[in-house]
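The residues making up each chain are set out below.
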Amino acid sequence: MKKIFITGLIAAFIASCAGTSENTMTVTGKVKGLKKGTLYLQHIVDTSLVNIDSLTIKGEGNFTFSTEIESPEIFYLYLDKNDNNDINDRITFFGEPGEITINTSWNTFDLNAKVTGSESQDKLSEYQKVMSRFNTKNLEYIRASLNPEYQNDPAKMDSLQDLSDKNVKRGYLFALNFAMNNTDSYVAPYIALKEVSDANIKYLDSINNSLSPSVANSKYGKELKKFIAEQKMNRQGE
């Protein structure tokens with residue numbers, strides 16, 4: 001019995017030294033071509049961007065970050081290249097407990113990043129892929145509106161504006177439907193808050209009331225519930 005007890009203590013000690021739990025997120029990867037720079041793991045606390053951890057890289061672009069998280073949320077991998085240029089230096093990803101891999105290149109840091117190991121990120125990428133089509137279409141309409149052919153023809157401009165309005169509406173409806181159809185994903189309340197927070201309160205309420213228990217109790221689930229309550233309170237005071 002004494003031997004079993006000692007063995008148990010040793011196992012517990014090793015586990016505590018490892019510093020991992022079911023809420024641990026480990027982010028590993030490589031920044032190809034990076035010889036010198038500092039990587040930061042960041043997230044939003046209240047309304048401020050906060051550094052969770054940092055790593056100075058010299059010679060190799062391999063990195064590992066490990067942190068405890070309360071629930072899946074958006075994180076950022078920021079690269080300070082020491083070039084006085086902050087453009088294209090931040091990767092946005094949906095973090096969650098478990099092992100996540102991010103591989104990219106130093107010169108196209110946020111453009112060709114490949115994130116694997118996060119189901120929430122996979123779902124967010126699925127949403128963003130479709131939304132990018134609506135956004136691309138909007139840019140096409142904007143470019144067309146700058147063409148003298150349209151600017152000098154009120155009827156054509158009105159028609160172009162109508163097409164643009166319909167495209168925006170379709171994108172908006174897609175975002176609402178995506179959130180409503182994925183209420184078991186942590187991405188659902190995030191989309192409701194960040195993409196369509198100005199939607200009719202009844203739609204946000206429907207999304208909120210349909211969230212799975214774990215998602216409803218997550219960071220964005222709680223924020224969505226609070227946001228809806230505040231909106232209803234403000235309307236009562238009008």
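Look up a bit, the structure's there.
Below is a summary of the structure that appears in this document. (Residues numbered from 1 in each chain as written. Predicted model: local features only at pLDDT ≥ 70, side-chain atom pairs only at ≥ 80, totals over all residues. Heavy atoms only, no water.)

1. Let's talk about the side chain of Thr67
Alright, step 1. Along the polypeptide, Thr67 turns up in strand β4 (residues 62-68).
Alright, step 2. With residues up to four places along the chain from it excluded, the contact list for Thr67 reads Asn23, Thr24, Met25, Leu41 and Ile52. (Helix = DSSP H or I, 4+ residues; strand = E, 2+ residues; numbered from the N terminus. Contact = heavy atoms within 4.5 Å.)

2. Re the environment of Tyr141
Alright, step 1. Here Tyr141 lies in helix α2 (residues 119-145).
Alright, step 2. Given the relative accessible area of 14%, Tyr141 is considered buried.
Alright, step 3. Tyr141 has contacts with Leu160, Leu163, Ser164 and Asn167, leaving out every residue within four places of it along the chain. (Buried < 20%, exposed > 50% of the residue type's maximum accessible area, 1.4 Å probe, protein only.)

3. Things to note about the packing of aromatic side chains
Alright, step 1. Enumeration according to the criterion identifies 10 aromatic pairs in this entry.
Alright, step 2. On the numbers, 6.0 Å between centres and 25 degrees between planes, the contact of Phe75 with Phe93 is stacked. In this pair, Phe75 sits in strand β5 (residues 73-80) while Phe93 sits in strand β6 (residues 90-95), placing the two residues 18 residues apart along the sequence.
Alright, step 3. Classification of Phe75 by relative accessible area gives buried; the value is 1%.
Alright, step 4. For Phe93, a relative accessible area of 0% translates into the label buried.
Alright, step 5. With a centroid separation of 6.1 Å and 35 degrees between ring planes, the pair formed by Phe134 and Phe174 is classed as tilted. Placement of the pair is Phe134 in helix α2 and Phe174 in helix α4 (residues 154-181), with a sequence separation of 40 residues.
Alright, step 6. An aromatic cluster is built from Tyr127, Phe134, Phe174 and Phe178, whose rings are joined through pairwise contacts. (Phe/Tyr/Trp six-rings, centres within 6.5 Å; stacked < 30°, edge-to-face > 60°.)

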